[in-house]
Amino acid sequence: VQLQASGGGLVQAGGSLRLSCAASGSFYSINDMGWYRQAPGERRELVAVITGGGTTNYDNSVKGRFTISRDNAKNTIYLQMNSLKVEDTAVYYCNVQYRTRMLNLETYWGQGTQVTVSS
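Residue positions are given per chain, counting from 1 as you read along its sequence in written order. Restriction of local features to residues with pLDDT of at least 70 applies here, the model being predicted, together with a cutoff of 80 or more for giving and counting side-chain atom pairs; totals for whole chains, interfaces and linings are based on all residues. Side-chain metrics rest on all non-hydrogen atoms present in the structure, leaving aside hydrogens and water.

As a further point, take the packing of aromatic side chains. Ring pairs shown here join Phe, Tyr and Trp side chains whose ring centres sit within 6.5 Å, with only the six-membered ring taken for Trp; geometry is labelled stacked below 30 degrees between planes, edge-to-face above 60, and tilted in between. All chains considered together, the criterion is met by 1 aromatic pair. For the ring pair Tyr36 and Trp109, a centre distance of 4.9 Å and an interplane angle of 70° mean the geometry is edge-to-face. Placement of the pair is Tyr36 in strand β4 (residues 29-38) and Trp109 in strand β10 (residues 105-109), with a sequence separation of 73 residues. For the exposure calls, accessible area comes from a 1.4 Å probe over protein chains only, and a residue counts as buried if that area is under 20% of its type's maximum, exposed if over 50%, partly exposed in between. Given the relative accessible area of 22%, Tyr36 is considered partly exposed. For Trp109, a relative accessible area of 34% corresponds to the partly exposed category. Over the ring of Tyr93 we find Arg44; its NZ or CZ atom is 3.7 Å from the centre of that ring. In this text, helices come from DSSP runs of H or I with a minimum length of four residues, and strands from runs of E with a minimum of two, each type numbered from the N-terminal end. When the NZ atom of lysine or the CZ atom of arginine is within 6 Å of a ring's centre and also within 35 degrees of its normal, the charge is said to sit over that ring.

Okay, structure coming up:
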């Protein structure tokens, strides 16, 4: 599996960004896909996750501001980030859980994309 993430950048507080992450490669199926983030000196934390059926879960800090969505036909997820705050600054990582062709459950991390919110 490969993950191609894009959409990070520099934005002023109150602005918006949209991240995307496309999964490709050889697999039987894709289960959950999600976004995590890691600020300098901090642990990596969940931002939002979406199941194959479209059920979503968000960290409390982003509820009402971020929206995760998924295009199963393209094996792609999106993270629409509105009303960005300085504390949203972090490297954002895409994560995918998938079944291999041998039906083993695996997880894979993308390389990360930097999101910087200036005051």
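Here the narrative resumes, following the displayed structure.
This brings us to the environment of Gln97. The residue Gln97 is located in strand β9 (residues 90-99) in this model. For Gln97, a relative accessible area of 30% puts it in the partly exposed group. For the pair Gln97 and Gly34, spaced 63 residues apart in the sequence, the C-alpha separation amounts to 8.9 Å. By definition in these notes, contact holds between two residues if any of their heavy atoms fall within 4.5 Å. Every residue in contact with Gln97, bar those within four places of it in the chain, is listed here: Ile30, Asn31, Asp32, Glu106 and Thr107.

By way of backbone hydrogen bonds, the strands of a sheet pair with one another, either parallel or antiparallel. Paired strands, as defined in this entry, are two strands with at least two bridges between them according to DSSP. Sheet architecture is open: 4 strands sit in the order β1-β3-β8-β7, paired in antiparallel fashion. Each having just a single partner strand, β1 (2-6) and β7 (66-71) make up the two edges of the open sheet. Mean inter-strand twist for the sheet, computed between neighbouring axes without regard to direction, equals 15°. Inspection of the sheet shows strand β3 (residues 17-24) paired to strand β8 (residues 76-81) by 6 bridges, in the antiparallel sense. Following the sheet pairing, Leu17 is matched in β8 by Met81. Where helices are involved, their axes are fitted lines through C-alpha atoms of the stretch in contact, as for all axes, and angles between N-to-C directions lie from 0 to 180°.

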